[in-house]
Amino acid sequence: MSSTTKPKIAISACLLGENVRFNGGHKQSLLCSQTLADYFDFVPLCPEVAIGLGIPREPIRLVGDPAHPQAVGTVHRELNVTQPLDDYGQQMASEHTDLCGYIFMQKSPSCGLERVKVYRDNGTPVDGGGRGIYAQAFCARHPNLPVEEDGRLNDPVLRENFLTRVFVYADWQQLLAEGLTRHRLLAFHSRYKYLLMAHSPAHYKSLGHLLGSMTKETHLELAACYFSDLMTGLSQCATRGTHTNVLQHISGYLKQVISADDKQEMQTVIGQYRQGIVPLVVPLTLLKHHFRQHPDRYIAQQAYLQPHPENLSLRNAI
Ligand code: SF4
């Protein structure tokens, strides 16, 4: 992704303030429509309007088997829009191949990702719920695409995790556009090593082995598997413990070049982060300060130090 191109994120149109809900209203998210709009190009989509349900409209709900629910009218049960919503999800998935993420409206029988209410024939909801019909059809065709519900983005850890994955996804799309070579794949993995270590030490190990077994002949086959596993690993949220481990590894590159007092200060700050006294941005700022004075080529290329624009301040709250 060039520095001037913003990653494209699809979003439930009602979250951008469009009056597309069944009652003619919206569910504007200030995070999306204000804070994030400077950093991403949003593609607003409303499947219920797109399939011709109109505004205002009779609300729909999910009924039946939570693994394969039907979307039917809440008043007129004979109104069944399961197939049109599924078809539209497939159509959007095949048309929008340049997306780097999708933010869905929670609880919607069309757009909801998790725990959407699914009703039994007797009108009582099934435990655990299901996924909206459109979201299911879309996500099945883009299994590695970072997706999240707007409500969950209020959690700073989930927000940082989702947006990190969006930027990694954009970087991978850029790599594919430039042409995937063995050398570029290894360089990509090298950049993301510490980030992956923070999210999933197990994936960090297994993907290292996977690429270790790569030859000139097999790199194209391995790449798809590599990226899928990378995105699975990154979808796990890093913890204070795993971040601390990575901070210790990175600070190890300074041990020959900074003074004993500076090393002590670094350890104190990393310890304070681990105990929840200061946010992640504090030890990272100190590390970056020392690396500015003592540059290290390997550390300078690590995405971990700044996986998303600094002004989003995503690491001030985790
Ligand atoms: Fe449209 Fe989805 Fe928003 Fe419902 S949740 S109004 S279907 S965009």
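Rules used in this analysis
- Residues numbered from 1 in each chain as written.
- Predicted model: local features only at pLDDT ≥ 70, side-chain atom pairs only at ≥ 80, totals over all residues.
- Heavy atoms only, no water.
- Axes fitted to C-alpha atoms, helices over the stretch in contact; angles between N-to-C directions.
- Helix = DSSP H or I, 4+ residues; strand = E, 2+ residues; numbered from the N terminus.
- Parallel < 35°, antiparallel > 145°, perpendicular 65-115°, else oblique.
- Left-handed = near helix turned anticlockwise from the far one by under 90°.
- Contact = heavy atoms within 4.5 Å.
- Nonpolar A, V, L, I, M, F, W, Y, C, P; charged D, E, K, R; others polar.
- Pairing = 2+ DSSP bridges.
- Phe/Tyr/Trp six-rings, centres within 6.5 Å; stacked < 30°, edge-to-face > 60°.
- Buried < 20%, exposed > 50% of the residue type's maximum accessible area, 1.4 Å probe, protein only.
- Lys NZ or Arg CZ within 6 Å of the ring centre and 35° of its normal.
- Core = buried A, V, L, I, M, F, W, Y, C linked by side-chain atoms within 4.5 Å.
- Domains from an automatic or database assignment.
- Near = heavy atom within 4 Å.
- Buried area = accessible area lost by both parts, 1.4 Å probe.
- Salt bridge = Lys/Arg side-chain N within 4 Å of Asp/Glu carboxyl O.
- Polar contact = N/O pair within 3.5 Å; in protein donor to acceptor, adjacent residues only side chain to side chain.

1. Details of the packing of helix H6 (residues 182–199) against helix H9 (residues 240–251)
Reasoning step 1: At their nearest, the axes of H6 and H9 sit 7 Å apart, and the two run at 150° to each other. Classed by the angle they form, the pair H6 and H9 counts as roughly antiparallel. With respect to the hand of their crossing, H6 and H9 are arranged in right-handed fashion. On the side of H6, the interface is formed by Tyr194, Met197 and Ala198, while H9 contributes Thr242, His243, Asn245, Val246, His249 and Ile250.
Reasoning step 2: Of the residues in the contact of H6 with H9, the class split is five nonpolar, four polar and no charged.

2. Comments concerning the sheet that holds strand E4 (residues 70–73)
Reasoning step 1: Read across the sheet, three strands follow the order E4-E3-E6 without closing on themselves; strand pairing throughout is mixed. The sheet is open, and its two edges are formed by E4 and strand E6 (118–119), each paired on a single side.
Reasoning step 2: Bridge analysis of strand E3 (residues 60–63) against E6 gives two bridges, and the strand direction is parallel. For leucine 62, the partnering residue across the bridge sits in E6 and is valine 118.

3. Concerning the packing of aromatic side chains
Reasoning step 1: Under the criterion given, the structure shown has 14 aromatic pairs.
Reasoning step 2: A ring pair is formed by tyrosine 102 and phenylalanine 104, whose centres lie 3.8 Å apart and whose planes are at 5°; its orientation type is stacked.
Reasoning step 3: Summarising the aromatic geometry, the rings of phenylalanine 188 and tyrosine 192 are spaced 4.8 Å apart at their centres and angled 45° between planes, so their arrangement reads as tilted. With phenylalanine 188 and tyrosine 192 both in helix H6 and four residues apart, this pair spans about one turn of that helix.
Reasoning step 4: Assessed through its relative accessible area of 7%, tyrosine 192 is described here as buried.
Reasoning step 5: Through pairs of rings, three or more aromatic residues link up here, namely Tyr169, Trp172, Phe188, Tyr192, Tyr226 and Phe227.
Reasoning step 6: Here the guanidinium or amino end of arginine 61 rests over the ring plane of tyrosine 119, the centre of that ring lying 4.2 Å away.

4. Side note on the nonpolar core
Reasoning step 1: The biggest cluster of nonpolar side chains holds 85 residues, and the ones touching the most others in it are Ile103 and Tyr304.
Reasoning step 2: With nine residues, the top contributor of residues to this core is helix H5 (residues 156–178).
Reasoning step 3: Split by domain, this core shows at least three residues from each of two domains, domain 1 (8–154) and domain 2 (155–318).
Reasoning step 4: Listed in part, the nine residues of the second largest apolar core include Ile60, Leu62, Val118 and Ile133.

5. Quick look at the site of the ligand
Reasoning step 1: Residues in contact with the ligand amount to 13 residues; listed here are only the nearest, Ala13, Cys14, Cys46, Glu48 and Cys111.
Reasoning step 2: Split into classes, the residues belonging to the shell around the ligand amount to eight nonpolar, two polar and three charged.

6. A look at the environment of asparagine 23
Reasoning step 1: Note that asparagine 23 resides in the loop between strand E1 (8–12) and helix H1 (30–35).
Reasoning step 2: The spatial distance from the C-alpha of asparagine 23 to the C-alpha of glutamate 58 is 8.4 Å, given a sequence separation of 35 residues.

7. Regarding the sheet that holds strand E5 (residues 101–104)
Reasoning step 1: As summarised here, the arrangement of the four strands in space is E2-E1-E5-E7, forming an open sheet in which the pairing is parallel. In the strand order of this sheet, the two ends are held by strand E2 (41–45) and strand E7 (147–149), each with one partner. Each neighbouring strand pair of the sheet contributes to a mean axis angle of 25°, computed without reference to strand direction.
Reasoning step 2: Pairing of E5 with E7 involves three bridges; the strand directions are parallel. Within E7, the position partnered with tyrosine 102 by the bridge is valine 147.
Reasoning step 3: Against the sheet, helix H4 (residues 133–141) contacts E2, E5 and E7, and its axis sits at roughly 170° relative to E5.

8. Here we look at the pairing of E4
Reasoning step 1: In terms of strand pairing, E3 meets E4 through four bridges, oriented antiparallel. Bridged to valine 63 within E4 is glutamine 70.
Reasoning step 2: Where E3 folds back onto E4 in an antiparallel hairpin, the turn is made up of six residues, including glycine 64, whose phi is positive at roughly 95°.

9. Things to note about the domain arrangement of the protein
Reasoning step 1: Domain assignment breaks the protein into domain 1 (8–154) and domain 2 (155–318).
Reasoning step 2: A C-alpha centroid distance of 32 Å is found between domain 1 and domain 2.
Reasoning step 3: Of the roughly 1600 Å² buried where domain 1 meets domain 2, counting both sides, 69% is carbon and sulfur surface.
Reasoning step 4: The tally of links from domain 1 across to domain 2 stands at zero salt bridges.
Reasoning step 5: In this structure, the connection of domain 1 to domain 2 is made through four residue pairs in polar contact (both at pLDDT 80 or more).

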